[in-house]
Amino acid sequence: MIRHIVMWNVRGATREEKQANAERLQRSFHSLRGRVPGLLHLEIGIDSSRIDYACDVVLVSAFESQAALDAYAQHPEHLRVKAELADLRTQRHQVDYEVRTEA
């Protein structure tokens, strides 16, 4: 299994604008559930800490394989979400790693 984690900071001149953009991002990614083969888990969290170095939104997802994650990158539904949200982000960070079961 491959874990795919993405964190964003979103645009907004006020706390309310940033919150609205974070919620828009959350709704858009939730729309991918059940539409992408090999996507096992998808969770979106909006930061509640309000610490100045925290990111605004995190996506935690799991894919059955690296091939499934690679296919997701080009899947039409994912590309739709990326296009919808392209103007919202100011920063993006990503980590992908293989989840190994410890015996």
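Source: prediction; values computed, not measured.

About the criteria used
- Residues numbered from 1 in each chain as written.
- Predicted model: local features only at pLDDT ≥ 70, side-chain atom pairs only at ≥ 80, totals over all residues.
- Heavy atoms only, no water.
- Phe/Tyr/Trp six-rings, centres within 6.5 Å; stacked < 30°, edge-to-face > 60°.
- Helix = DSSP H or I, 4+ residues; strand = E, 2+ residues; numbered from the N terminus.
- Buried < 20%, exposed > 50% of the residue type's maximum accessible area, 1.4 Å probe, protein only.

Visitor: Just checking my understanding: could you explain the packing of aromatic side chains for this structure?
Guide: We describe a pair of aromatic rings using the distance from one ring centre to the other and the angle between the two ring planes. Per the counting criterion, the structure on display carries two aromatic pairs. An angle of 40° between the planes, with centres 5.2 Å apart, marks the rings of W8 and F29 as tilted. Highlighted residues: W8 in strand β1 (residues 2-10) and F29 in helix α1 (residues 15-30), separated in sequence by 21 residues. Of the residues examined, W8 reaches a relative accessible area of 5% and is grouped as buried. Judged by relative accessible area, which is 4%, F29 ranks as buried. Taken together, a centroid distance of 4.8 Å and an interplanar angle of 50° make the contact between F63 and Y72 tilted. The residues F63 and Y72 share a single accessibility class, namely buried.

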